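Architecture and fold: a report
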Amino acid sequence: MSRILDAKIPSGPLADKWDRHEMECPLVAPANRRKFTVIVVGTGLAGGGAAATLGELGYNVLNFCVQDTPRRAHSVAAQGGINASKNYQNDGDSVERLFYDTVKGGDYRSREANVYRLSQLSMGIIDQCVAMGVPFAREYGGTLANRSFGGVQVSRTFYARGQTGQQLLLGVYSALSRQVAAGTVKMFPRHEMLDLVVVDGRARGIVCRDLVTGEMKRYAADAVVLATGGYSPVFYLSTNAVNCSATSIWRAYKRGALFANPCYTQIHPTAIPQLGDYQSKLTLMSESLRNDGRMWVPKAPGDKRRPADIPEAERDYFLERRYPAFGNLVPRDIAARASKVECDAGKGVGNTGFAVYLDFADAIKRLGRDVVADRYGNLFTMYEEIIADDPYHTPMMIYPAPHYTMGGLWVDYNLESTIPGLFVAGEANFSDHGANRLGASALMQGCADGYFVVPRVVAGYLARGGHGKVTTDHEAFGAVEDEVRRRYDALLAVKGSRTVRDFHWDLGRVMWDKVGMARDRTGLEQAITQIRELREAYWHDVKVPGEAADFNKQLEMAGRVADFLELGELMAMDALAREESCGGHFRAEHHTPEGEARRDDENFMHVAAWEHKGDGQAPVRHVEPLVYENIEVKTRSYK
Amino acid sequence: MSEMTIHLKIWRQARGETKDSQKSQGRFVDYTVEKVLPEMSFLETLDLLNEKLTRQGQQPVEFDSDCREGICGTCGLVIKGTAHGPNPKTTTCEVRMRHFRDGETITVEPFRAGPFPILKDLVVDRTAFDRIQQQGGFVTANVGSAPDSNAVPIPKLDADKAMDAASCIGCGACVAACPNASASLFVGAKISQLSYLPQGGPERGRRALLMIGQMDREGFGDCSNHGECEAVCPKEISIENIARMRREFFKGALGGHDRKAATGD
Ligand SMILES: Cc1cc2nc3c(=O)[nH]c(=O)nc-3n(C[C@H](O)[C@H](O)[C@H](O)COP(=O)(O)OP(=O)(O)OC[C@H]3O[C@@H](n4cnc5c(N)ncnc54)[C@H](O)[C@@H]3O)c2cc1C
Ligand code: SF4
Ligand code: FES
């Protein structure tokens, strides 16, 4: 039976909700905190921030990551920047405006109260990061510098060259290091969480595989926080790191946590196009490039002249033409789809025809090469190393690529999933970005969740009590560990003929072609069948070398791909059920005469959250209605 | 697009063989990879090899990587005798095959250094870096206690210098390249970053003493100005940071900070 979900949004005016809620959250006295153990899975901005802050407060924290050190969590790769409504540029920014931009950017599919809280907390993030020694870009006068990102008309993005994520993450890592030294945080690098342990309906622990020895290990706690990032590698090729996975949230889903809006994925407009089928990932070219780069294609389909030989009058600056108000800085979903439209019409460039130009000639003329190099030098170098072409002279070639997943585990206002005691933060949850995330807002959400929200709401949960102590000797731990062990042994036992990568690649093709930038009923139905067949084939024909009790990268990947093969199907089902177009979810059946996404607010102004009912059984779709009391719901326009 | 054949001489070592016996127990094994394209990355070539080995029922070569775009610091191989390969300013994952010749033989080894025990094949344990960081690579600033971020202006030049030093990705190439296996470039970079910023000020002396003390305890060697570290560093961390680290250390010592803690006596 389908349920209506309660997000437990505090009452009262929007602007006061979080303050009031913080006041109403019960507290744990300092001396009692060390008696509580909190498991935090993930050391990115969300997980690392939460672990360090909980440690600072005196809780006993166990923190896990798959990398060899917490400083390499995937947040490290974020390039462009982080938003905050500081209004340092005096261009009319405010908490309200950031809130409005984010809700509109998400195509009216996010939860008002969460987004408002995010906007409010944004300012404290910048203060905190500066205090920890994050070297943000500055003006000559010594104040902080800003740049613009897509979908907004103010300059509110703080940055550290093209390495903002790295610098923010190193801030988190330093805070974590301090807590490790203080003995409050215990760090478990190269430990992969493979399942969640639920005791008496509450999240009480995890089972991990030690990625060095292959040993299965159990950990018990009073609360569990998952901050394990996004699942874009379900497409195989994406801008994400090769170890990013859905495993932790997928396993939690199979233990009863609801999965919200799995089909909401962000295809980023500006990545280096795919070059061949040997590729292991796609490289992002930051959205900040659209501050100064102009996107264009030749006006005539099939025009194979070199870009320099195509005169101005024969070029189509398609974003500027279609969206004069925002030009090259329209939101990502819009820019990505517009590029696809041009390529599908035969105007794409490069060998494959699946690329458009991003041209800096005008910017170099206007600002000089040095200024352009100062702003984007590292990105230009990266591009040149990969493509062997110089973007100072020839326009970059770019094409959309899977990048970010707005979907994730369903959480209420307290970031608590439908399993009590299981909290979900950062990209792993679904909460703040609706159907499309604006640039520079993921870092903001990760930091807000990690530094500010999780510590408060977890304390509230612990203070309310009602859960006794559980140790890893509890039978539930043994049962889960056995299941995990059997799953991994089964993967090794198949001894088939095709590699893990073969299957991952095939899944990626199905996802990209049928559950990617444009989706329709026929394609989605085919995708569901094909993914089921692929999954079936996987468990009969995959070849995983080596042993369970060893360092075994292929086995790690085998487990992750097994989960992607299940998640992919749910994404297609979700996309099929959502008979409308919104943000990054574009159903070919639902568009305006100009080709823009057409929402159906009457029937779909809700979050869809799926409940697992057992393998081989249809999951149930629950809904959380979205109510907009403080913002007028409109048709999104960037014209 | 011309396909190449590449010969690889790869260090193989089973798990559990101790760090002191790296060389005696591991060994080089020869492999050949066909159909390598010039635009492929070096790690994609290893992927291709591993696909082949897996299909043939052999053990794939273990190596570390994650972002594959030069920012996370996970990858790290000694390629043709140089940490991160022959090209300057790049990480292992950024190395492209167009820099090699058809038919070339390439040796591939792990980052070798006493404090980086080999875990398996090309994978090493760099947690010693984490333990150094834990000694003082931070500013003590609890969440909730920060003033407005524009309250303390920082000259652009200082912010830029801090950022230069902060670009270190913690890959460990500097250690692998140093004849003394010194971690001075890595440690110097962190100490410098925080010394350029007013926020890092109050803990400067203590930080330098404690981090350097831990570096010694981990078994990293002394710096004798060979400069190999700077040459291989993918992020162009300048050796000036080592000089600055030394100044911070002396200032710390003169400032009467706890030398015992620093030296571990
Ligand atoms: C190339 C790129 C550029 C980007 N640029 C920007 C930008 O400029 N601005 C912006 O706002 N956003 C940007 N983003 C998005 C943003 O970086 C991410 O959404 C955000 O950093 C996610 O943070 P997180 O803390 O939720 O997860 P992550 O940083 O991904 O951390 C996940 C953590 O979970 C751990 N983990 C995962 N699974 C397991 C498991 N099973 N067991 C144990 N540990 C596990 C990992 O080891 C890691 O520590 C970018 C993303 C990419 C890919
Ligand atoms: S200083 Fe350079 S070589 Fe050494 S760890 Fe940092 S980035 Fe790597
Ligand atoms: S894999 Fe991240 S730097 Fe090479």
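Conventions and cut-offs
Residues numbered from 1 in each chain as written. Chains lettered and ligands numbered in written order. Predicted model: local features only at pLDDT ≥ 70, side-chain atom pairs only at ≥ 80, totals over all residues. Heavy atoms only, no water. Helix = DSSP H or I, 4+ residues; strand = E, 2+ residues; numbered from the N terminus. Rg over C-alpha atoms; globule rule 2.2 N^0.38 Å. Contact = heavy atoms within 4.5 Å. Near = heavy atom within 4 Å. Polar contact = N/O pair within 3.5 Å; in protein donor to acceptor, adjacent residues only side chain to side chain. Areas by Shrake-Rupley, 256 points an atom, 1.4 Å probe, with all protein chains shown as cover. Nonpolar A, V, L, I, M, F, W, Y, C, P; charged D, E, K, R; others polar. Buried < 20%, exposed > 50% of the residue type's maximum accessible area, 1.4 Å probe, protein only. Axes fitted to C-alpha atoms, helices over the stretch in contact; angles between N-to-C directions. Parallel < 35°, antiparallel > 145°, perpendicular 65-115°, else oblique. Buried area = accessible area lost by both parts, 1.4 Å probe. Salt bridge = Lys/Arg side-chain N within 4 Å of Asp/Glu carboxyl O. Pairing = 2+ DSSP bridges. Domains from an automatic or database assignment. Phe/Tyr/Trp six-rings, centres within 6.5 Å; stacked < 30°, edge-to-face > 60°. Lys NZ or Arg CZ within 6 Å of the ring centre and 35° of its normal.

Attention now goes to the overall build of chain A. Looking only at helices and strands, one finds 17 helices and 19 strands in chain A. Relative to its length of 639 residues, chain A is compact, with a C-alpha radius of gyration of 24 Å against a globular reference of 26 Å. When the backbone C-alpha atoms are referred to their principal axes, chain A occupies close to 75 × 60 × 50 Å. For chain A, the share of sequence-separated contacts (at least 6 apart) that also reach a separation of at least 24 residues comes to 74%.

The next point concerns the site of ligand 1. By nearness alone, 38 residues border ligand 1, and A:Gln67, A:Ser75, A:Met193, A:Glu427 and A:Leu443 come closest of all. At the site occupied by ligand 1, nearby residues are drawn from chains A and B. A:Thr43 is positioned such that a nitrogen or oxygen atom in its backbone is 2.8 Å from an oxygen atom of ligand 1. In this structure, an oxygen atom belonging to ligand 1 sits 2.8 Å away from a main-chain N or O atom of A:Gly80. Out of a free accessible area of 1,000 Å², ligand 1 has 97% covered by protein chains. Breaking the shell around ligand 1 down by element, the ones donating at least two residues are helix H3 (45-57), strand E6 (191-199), strand E15 (396-405) and helix H12 (442-464) of chain A. Looking at side-chain class alone, the shell around ligand 1 contains 16 nonpolar, 18 polar and 4 charged residues.

Turning our attention to the side chain of A:Ser232. All names here are of chain A. Within the secondary structure, serine 232 is located in the loop between strand E9 (223-226) and helix H7 (247-254). For serine 232, a relative accessible area of 1% translates into the label buried. From its side chain, serine 232 meets the backbone nitrogen of tyrosine 404 in a polar contact 3.2 Å long. Here serine 232 is in contact with Ser238, Asn240, Pro402, His403, Tyr404 and Thr405, once residues within four sequence places are set aside.

This part covers the packing of helix H13 (residues 475-494) of chain A against helix H16 (residues 553-577) of chain A. Axes are the key here: two packed helices are described by the angle between their axes and the distance separating the axes. Residues and elements named next belong to chain A. As a packed pair, H13 and H16 sit with axes 10 Å apart at the nearest point and diverge in direction by 110°. If you check the angle between H13 and H16, you find them roughly perpendicular. Note on element contacts: H16 touches H13 through Leu555, Ala558 and Gly559, opposite Tyr488, Leu491 and Leu492.

Counting from both sides, the interface comprises 76 residues of chain A and, opposite them, 73 residues of chain B. Surface buried jointly by chain A and chain B totals about 6,400 Å² across both partners, of which 51% is contributed by carbon and sulfur atoms. Counting across the interface, chain A meets chain B through 8 salt bridges. Note that A:Asp502 is salt-bridged to B:Arg55, the shortest N-O span being 2.8 Å. The tally of links from chain A across to chain B stands at 44 residue pairs in polar contact (both at pLDDT 80 or more). The set of elements that each furnish at least two residues to the side of chain A that touches chain B consists of H3, helix H5 (112-131), helix H6 (164-182), helix H11 (369-387), H12, helix H14 (500-514) and H16 of chain A.

Here we take up the sheet that holds strand E16 (residues 408-409) of chain A. All names here are of chain A. The strand order across the open sheet built from 4 strands is E16-E10-E18-E19, with neighbouring strands paired in antiparallel fashion. Sheet topology places E16 and strand E19 (620-625) at the edges, where each strand pairs with a single neighbour. Bridging between strand E10 (residues 259-260) and E16 involves 2 bridges; their strand directions are antiparallel. Along E16, the bridge assignment pairs phenylalanine 259 with leucine 409. Strands E10, strand E18 (606-611) and E19 of the sheet are contacted by H16, whose axis makes an angle of about 140° with E18.

Residue and element names in this part refer to chain B. On domain assignment, one finds that chain B holds domain 1 (4-120) and domain 2 (126-140 + 149-264). Tallying the contact residues gives 18 residues for domain 1 and 19 residues for domain 2. Buried area between domain 1 and domain 2, both sides added, is near 1,400 Å², and the carbon and sulfur share of it is 66%. Among the residues of domain 1 in contact with domain 2, Lys89, Pro115 and Phe116 are the three that bury the most area, contributing 40% of the side total. At the boundary of domain 1 with domain 2, the tally comes to 0 salt bridges. Here domain 1 and domain 2 share 3 residue pairs in polar contact (both at pLDDT 80 or more) between them. Residue classes in the side of domain 1 that touches domain 2 are distributed as 8 nonpolar, 7 polar and 3 charged.

All names here are of chain A. Along the chain, lysine 514 turns up in helix H14. Along the sequence, lysine 514 and leucine 284 sit 230 residues apart, while their C-alpha atoms lie 22 Å from each other. Ignoring sequence-local partners within four residues, the contact set of lysine 514 consists of Arg519, Gly523, Leu524, Gln526, Ala527 and Gln530. At a separation of 3.3 Å, a polar atom in the side chain of lysine 514 contacts the side chain of glutamine 530.

What follows deals with the site of ligand 2. Close to ligand 2 lie B:Cys168, B:Ile169, B:Gly170, B:Cys171, B:Gly172, B:Ala173, B:Cys174, B:Leu185, B:Cys233, B:Pro234 and B:Ile237. Of the residues assigned to the shell around ligand 2, the class counts are 9 nonpolar, 2 polar and no charged.

This brings us to the sheet that holds strand E7 (residues 202-210) of chain A. Hydrogen bonds between backbone groups are what pair the strands of a sheet, and the pairing can be parallel or antiparallel. Residues and elements named next belong to chain A. Taken in spatial order, the 3 strands line up as E6-E7-E8 in an open sheet, and their pairing is antiparallel. With one partner strand each, in any of the chains shown, E6 and strand E8 (216-220) form the two edges of the open sheet. Taken over all neighbouring pairs, the strand axes of this sheet differ in orientation by 25° on average, direction set aside. Alignment of E7 against E8, held across 5 bridges, turns out to be antiparallel. Each bridged residue has a counterpart across the sheet, and for cysteine 208 the counterpart in E8 is lysine 217.

All names here are of chain A. Going through the model one piece at a time under the given rule, you end up with 33 aromatic pairs over all chains. Members of the aromatic cluster, joined through ring pairs, are Tyr231, Trp250, Tyr253 and Phe259. Here arginine 117 stacks its cationic end above the ring of tyrosine 413, 4.2 Å away from the centre of that ring. Directly above the aromatic system of tryptophan 296 lies the positively charged group of arginine 315, at a separation of 4.1 Å from the ring centroid.

Below, the discussion takes up the domain arrangement of chain A. One frequently used descriptor of interface size is the decrease in accessible area upon assembly of the parts. All names here are of chain A. Domains assigned within chain A are domain 1 (268-402) and domain 2 (475-623). Each of domain 1 and domain 2 has a C-alpha centre, and the two are 31 Å apart. Listed by partner, the interface residues are 14 residues for domain 1 and 12 residues for domain 2. Carbon and sulfur atoms make up 55% of the area that domain 1 and domain 2 hide from each other, which totals about 970 Å². The three residues of domain 1 that bury the most area against domain 2 are Asp277, Arg337 and Lys340, which together make up 44% of that side's buried surface. Between arginine 322 and glutamate 596 there is a salt bridge whose closest N-O contact spans 3.3 Å. Where domain 1 touches domain 2, the interface holds 6 residue pairs in polar contact (both at pLDDT 80 or more). For the side of domain 1 that touches domain 2, the secondary-structure elements that each account for two or more residues are helix H9 (332-344) and E15. Top element by residues in the side of domain 1 that touches domain 2 is H9. It accounts for 4 residues. Here the side of domain 1 that touches domain 2 is composed, by residue class, of 6 nonpolar, 3 polar and 5 charged.

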